[in-house]
Amino acid sequence: MSHRKIRPNIARLAKGIAACAGVLAVVACSNPGAPAAAPRTSAPVGGGGVETSAAPTATTGKQAGSGGNPRCATTDLSLALGSPKPSSNSPGQVDVPLTYKNTSSRTCALYGVPGVDLNGPEDPNGPVYHLPRIDNGVKYNDVPAGSTATATITILKPTDDSATWTPTRVTTIPPGQTQPLTANWPPDLPVLRQDAATRPGTYVNGILSDPH
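Source: prediction; values computed, not measured. (Residues numbered from 1 in each chain as written. Predicted model: local features only at pLDDT ≥ 70, side-chain atom pairs only at ≥ 80, totals over all residues. Heavy atoms only, no water.)

Asks: Please give an account of the overall build of the protein chain that cites residues and values.
Replies: When helices and strands are counted, the protein chain shows one helix and 14 strands. Taking all 212 residues of the protein chain together, 35% fall into the buried category. The long-range share in the protein chain, meaning contacts at least 24 apart out of those at least 6 apart in sequence, stands at 75%. Working note: accessible area of the protein chain is about 12,300 Å², and carbon and sulfur atoms make up 57% of it. (Helix = DSSP H or I, 4+ residues; strand = E, 2+ residues; numbered from the N terminus. Buried < 20%, exposed > 50% of the residue type's maximum accessible area, 1.4 Å probe, protein only. Contact = heavy atoms within 4.5 Å. Areas by Shrake-Rupley, 256 points an atom, 1.4 Å probe, with all protein chains shown as cover.)

Right, dumping it as structure tokens:
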């Protein structure tokens with residue numbers, strides 16, 4: 001067999017393989033059954049159909065925000081617990097302001113939902129009540145030096161015939177941080193423990209900006 005006949009055959013074969021590959025690529029790209037990233041979901045908790053979100057993760061560096069400021073570190077903040085006020089959700093609930101003050105000399109960003117634990121006496125569920133978190137705060141929030149931002153703790157008080165558990169202090173971790181801040185809990189504010197409830201009446205809300 002001569003070389004003149006082999007070369008055209010090889011060329012035709014190469015063109016056929018390339019055409020086949022192109023068809024396979026089109027089929028693969030148009031396959032509606034290709035796997036996709038799973039959407040994030042949330043589970044309802046608390047009153048009024050509120051929802052809990054995934055816990056915030058620690059982050060570093062610049063954050064997307066109005067001024068691109070870094071998140072407030074725990075060392076940038078002080079904590080104060082405000083006076084309880086009747087909640088608009090239910091007559092049996094009260095709102096307790098959890099206020100963070102920027103004690104640093106720079107503007108930092110404070111947004112998201114803080115982690116909050118109520119610490120108290122021994123209980124069948126343990127001495128620590130880990131509160132669900134409700135992602136209903138501002139999306140971004142810059143806090144100038146000396147200014148504050150607040151996350152509200154909504155508390156369901158026990159009824160007269162319910163077991164009474166009164167925390168002694170509150171421990172909170174600001175969003176994006178790992179170090180806690182603590183404050184004393186009001187001695188006259190008992191909390192109904194609902195550790196295993198799917199829709200508990202006690203939870204922490206997202207951070208809202210305070211007037212500067």
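Next comes the rest of the description.
Asks: Please provide a residue-by-residue account of the sheet that holds strand S13 (residues 181-184), values included.
Replies: Judged by pairing direction, the sheet is antiparallel, and its four strands sit side by side in the order S8-S7-S12-S13 without closing on themselves. Two strands bound the open sheet, and with one partner strand each, they are strand S8 (128-130) and S13. Each strand of the sheet is rotated relative to its neighbour by a mean of 20°, with strand direction disregarded. Bridge count between strand S7 (residues 115-119) and S8: three bridges; the pairing is antiparallel. Bridge pairing in S8 places Asn119 opposite Val128. (Pairing = 2+ DSSP bridges. Axes fitted to C-alpha atoms, helices over the stretch in contact; angles between N-to-C directions.)

Asks: Could you give an account of the nonpolar core, with specific residues and numbers?
Replies: Note that soluble globular proteins tend to have their nonpolar side chains buried in a common cluster. With 28 residues, the main nonpolar core has Tyr100, Leu110, Leu118, Ile153, Ile155, Val170 and Trp185 as its most contacted residues. Those elements that place two or more of their residues in this core are strand S3 (77-81), strand S5 (93-102), S7, strand S11 (148-156), S13 and strand S14 (203-209). (Core = buried A, V, L, I, M, F, W, Y, C linked by side-chain atoms within 4.5 Å.)

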